[in-house]
Amino acid sequence: MINMGSGSKITQKWMLCAFGSFVGCFIFLLYLKHKNEAVHFRALRHAMFNVTLSLDDSVFLPGNVEISKAARSREDEGDVIQKNSENKCNIFEGRWVYESKGSPYYEAAQCPFLSEQVSCQKNGRPDFDYENWSWEAHDCVIPRFNGRDMLKRLRDKRVIIVGDSLNRNQWESLVCLLYSTIPPSRAHLDFSSSSYKVFKAKDYNVTVEFYWNPFLVQFDSKSSPKIVRLETLDLSSPHWQGADIMVFNTGHWWVHRGKFKAWDLFEYKGRLVDDLKLESAFEVAMKTWADWIDQNVNLTKTTVFFRSISPEHKGQNGCYNKTQPITDTSHVTPLSESVMEITDRTLSKMRVPVRYLNITKLSKHREDAHPSIYAKKTGLASMKRKLKPPSDCSHWCLPGLPDTWNRLLYVSLVLDHPTDYPSLSHLVS
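Calculation criteria
- Residues numbered from 1 in each chain as written.
- Predicted model: local features only at pLDDT ≥ 70, side-chain atom pairs only at ≥ 80, totals over all residues.
- Heavy atoms only, no water.
- Pairing = 2+ DSSP bridges.
- Helix = DSSP H or I, 4+ residues; strand = E, 2+ residues; numbered from the N terminus.
- Axes fitted to C-alpha atoms, helices over the stretch in contact; angles between N-to-C directions.
- Phe/Tyr/Trp six-rings, centres within 6.5 Å; stacked < 30°, edge-to-face > 60°.
- Contact = heavy atoms within 4.5 Å.
- Buried < 20%, exposed > 50% of the residue type's maximum accessible area, 1.4 Å probe, protein only.
- Parallel < 35°, antiparallel > 145°, perpendicular 65-115°, else oblique.
- Nonpolar A, V, L, I, M, F, W, Y, C, P; charged D, E, K, R; others polar.
- Salt bridge = Lys/Arg side-chain N within 4 Å of Asp/Glu carboxyl O.
- Disulfide = S-S within 2.5 Å.
- Left-handed = near helix turned anticlockwise from the far one by under 90°.

Asker: It is not clear to me how the sheet that holds strand E10 (residues 227-233) should be interpreted in this structure. Could you clarify?
Answerer: Neighbouring strands of a sheet are bound in pairs by backbone hydrogen bonds; such pairs are parallel or else antiparallel. Strand order in the open sheet made by the 4 strands is E9-E10-E12-E13, with mixed pairing throughout. What marks the edges here is a single partner per strand, and that holds for strand E9 (217-220) and strand E13 (271-273). Here the strands of the sheet are splayed against their neighbours by 30 degrees on average, with no regard to which way each runs. Relative to strand E12 (residues 265-268), E10 is paired through 3 bridges, and the arrangement is parallel. Within E12, the residue paired with Arg229 across the bridge is Glu267.

Asker: Help me understand the packing of aromatic side chains, please; the structure alone is not making it clear to me.
Answerer: Within this structure, the stated rule accounts for 24 aromatic pairs. On the numbers, 5.4 Å between centres and 85 degrees between planes, the contact of Phe113 with Tyr179 is edge-to-face. Note that Phe113 is positioned in the loop between strand E3 (94-98) and strand E4 (133-137) and Tyr179 in helix H5 (residues 165-179), a separation of 66 residues in sequence. The interplanar angle of 90 degrees and the centroid separation of 5.9 Å between the aromatic rings of Phe215 and Trp253 together place this pair among those described as edge-to-face. Of this pair, Phe215 sits in the loop between strand E8 (206-212) and E9 while Trp253 is found in the loop between strand E11 (245-248) and E12, placing the two residues 38 residues apart along the sequence. Aromatic rings pair up to connect Trp212, Phe215, Phe219, Trp253, Trp254, Trp263, Phe266 and Phe282 into one cluster.

Asker: What should I look at first to understand the sheet that holds E8 in this one?
Answerer: Ordered by their spatial adjacency, 7 strands build an open sheet running E6-E7-E8-E5-E11-E14-E15, and the pairing between neighbours is mixed. Both outer strands of the open sheet, strand E6 (187-190) and strand E15 (354-357), are each paired with one neighbouring strand and no more. Strand-to-strand twist across the sheet, computed as the mean angle between neighbouring axes with direction ignored, equals 15 degrees. Of the strand pairs in this sheet, strand E14 (residues 303-307) and E15 are connected by 4 bridges, and their pairing is parallel. Bridge pairing in E15 links Val304 to Val354. Relative to E15, helix H7 (residues 337-348) is tilted by about 155 degrees, and along the sheet it contacts E14 and E15. Helix-sheet contacts for helix H10 (residues 401-416) involve E11, E14 and E15, and the interaxial angle to E14 is about 150 degrees.

Asker: When you look at unusual backbone geometry in this model, what are you seeing that I'm missing?
Answerer: Glycine aside, a negative phi is what most residues show, and trans is what most peptide bonds show. Following Ser224, the chain continues into Pro225 via a peptide bond in cis, with omega recorded as 5 degrees. Along the polypeptide, Pro225 turns up in the loop between E9 and E10. The omega torsion of the bond from Leu398 to Pro399 falls at -5 degrees, within 30 degrees of zero and hence cis. Position of Pro399 relative to the elements: it lies in the loop between helix H9 (379-384) and H10. The phi dihedral of Asp156 is positive, around 65 degrees, even though this residue is not glycine. A relative accessible area of 53% places Asp156 in the exposed class.

Asker: Teacher, can you tell me more about the packing of H5 against H10 here?
Answerer: Two packed helices can be described by the angle between their axes and the distance between those axes. Where H5 meets H10, the axes come as close as 9 Å, and the angle between the chain directions of the two elements is 70 degrees. The angle between H5 and H10 falls in the class roughly perpendicular. Where H5 abuts H10, its residues Leu166, Asn169, Gln170, Ser173, Leu174 and Leu177 lie against Pro402, Asp403, Trp405, Asn406 and Leu409. Grouping the amino acids of the contact of H5 with H10 by side-chain chemistry returns 6 nonpolar, 4 polar and 1 charged.

Asker: What is the right way to look at the pairing of strand E7 (residues 196-201) in this model?
Answerer: On a regular strand, one side chain projects to one face of the sheet and the next to the other, so that they alternate. As defined by bridge partners, E6 adjoins E7 across 4 bridges and the pair is classed as antiparallel. The residue bridging Asp190 from the neighbouring strand is Val198, located in E7. Across 6 bridges, E7 lies against E8 in antiparallel orientation. Note that in E8 the partner of Ala201 across the bridge is Val206. In this structure, the hairpin formed by E7 and E8 is closed by a connection of 4 residues, where Asn205 is found at a positive phi of approximately 55 degrees.

Asker: I tried to follow the side chain of Gln170 on my own but got confused; where do I start?
Answerer: Examined against the element boundaries, Gln170 turns out to sit in helix H5. On the accessibility criterion, Gln170 (0% relative accessible area) is buried. In contact with Gln170, other than residues within four places in its own chain, are Val247, Arg307, Leu357, Pro402, Trp405, Asn406 and Leu409.

Asker: So what exactly am I meant to see when it comes to the pattern of salt bridges here?
Answerer: Side-chain pairs of opposite charge can arise whenever the charged atoms involved come near each other. In the structure shown here, the tally under the stated rule is 14 salt bridges. Across the salt bridge formed by Glu93 and Lys361, the nearest N and O atoms sit 3.0 Å from each other. Placement of Glu93 in the loop between helix H3 (69-73) and E3 and of Lys361 in helix H8 (residues 360-363) is noted, with a sequence separation of 268 residues between them. Judged by its relative accessible area of 31%, Glu93 falls in the partly exposed class. The exposure class of Lys361 is partly exposed, given its relative accessible area of 35%.

Asker: Just checking my understanding: could you explain the state of the cysteines for this structure?
Answerer: By definition, a disulfide links the sulfur atoms of two cysteines through a covalent bond. All chains considered together, the criterion is met by 4 disulfides. Each disulfide pairs two cysteine sulfurs, and for Cys120 the partner residue is Cys397, the sulfurs being separated by 2.0 Å. The disulfide joining Cys120 to Cys397 has a torsion of about -95 degrees about its S-S bond and is therefore left-handed. Taken together, the positions of Cys120 in the loop between E3 and E4 and Cys397 in the loop between H9 and H10 put the pair 277 residues apart, joining distant regions of the chain.

Asker: I'm lost on the packing of helix H6 (residues 278-296) against H7 in this one. Help?
Answerer: Contact pair H6 / H7: the axes reach a minimum separation of 10 Å and the direction vectors enclose 30 degrees. The angle between H6 and H7 falls in the class roughly parallel. Remark: the crossing between H6 and H7 carries right-handed chirality. Taking contact as the criterion, the partners of Glu279, Phe282, Glu283, Met286, Trp289 and Ala290 in H6 are, on H7, Ser338, Val339, Ile342, Thr343, Arg345, Thr346 and Leu347. Along the lines of polarity and charge, the residues of the contact of H6 with H7 split into 7 nonpolar, 3 polar and 3 charged.

Right, dumping it as structure tokens:
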């Protein structure tokens, strides 16, 4: 007669053995999948799980570990945006999700044109986690950036990015995202000038240009006194005409104070003035830019984007040694509300529809993604000598946050042509 107690114990042991075998096989499959990839230990540690940071949850629980839905869906590059049936998709509202797989899109070493200022790893930054946070929208699943697909969409087109050094940061990111998908011999690059840079993908006849102008209107930076001419557009503006995609920004230089203030006088109504309120001057300059867009942009050819202000993290402790995003949802990054309100008001009055790349909110939690002392090669050496080098808490490391800005630019272009993706047709009114 069989002892039922012994049979039950044997059954339990077999179940444990089977479960152990399953886990072992799963780990072995993961090993086979990743063995030929240059994956750091930190990536393997997170291969099964993703730490999720929600920007609108009142509490962040470090122990809240879950399998990321985004990670699963993004394994299929063709899986694009899916709308929540009750809420309109806003790609700028969401949360940051830690993902080891598929991040970052490129290695900095692939892009010889990256400026020293954003080459954080090359300058000695020891951590990598800031590269692996991925943006996940609340009410839709947005695709990963696909460089080859974007080049196909931009075939025979010209992209211009105009603005300050933060837009240069975005240009470097976009060019690296595209350059890393094609053979270097099939690209043309000219990045020797600080005020104009250009990338061309020869096989697609796509050009991506950068024009430096921090005020969008004319800035006589080499004159004495230094003058911002509020009613005259930047001298590079004739070269903007005819572009298919335009991405503009301004704002940072307008709010600089003290020794960082760039101008001495404004030119307004034919006179040089020094007593014009900042808000009034900014509004006049924005109207000058908006009038040019309304008068010169062909609605059937050109799509215009305006990127919102990128937040700085220059508080008491700055961004030095910050390796994780801000998890406090009540955190407020100091920004000029008046500048943002004037921008919104200007865009709403324009004849030409301008797409607003509203990256401010999603960026304000990323104090971990700035260069800090790693904006220069000498930063780390200075720290070792117990000297305090300058800490850059304005710009962003690459790979890094601007890749997300360009991912959202790419998604916006995808949404503009939903017929390319049948699953997108219900998103467009």
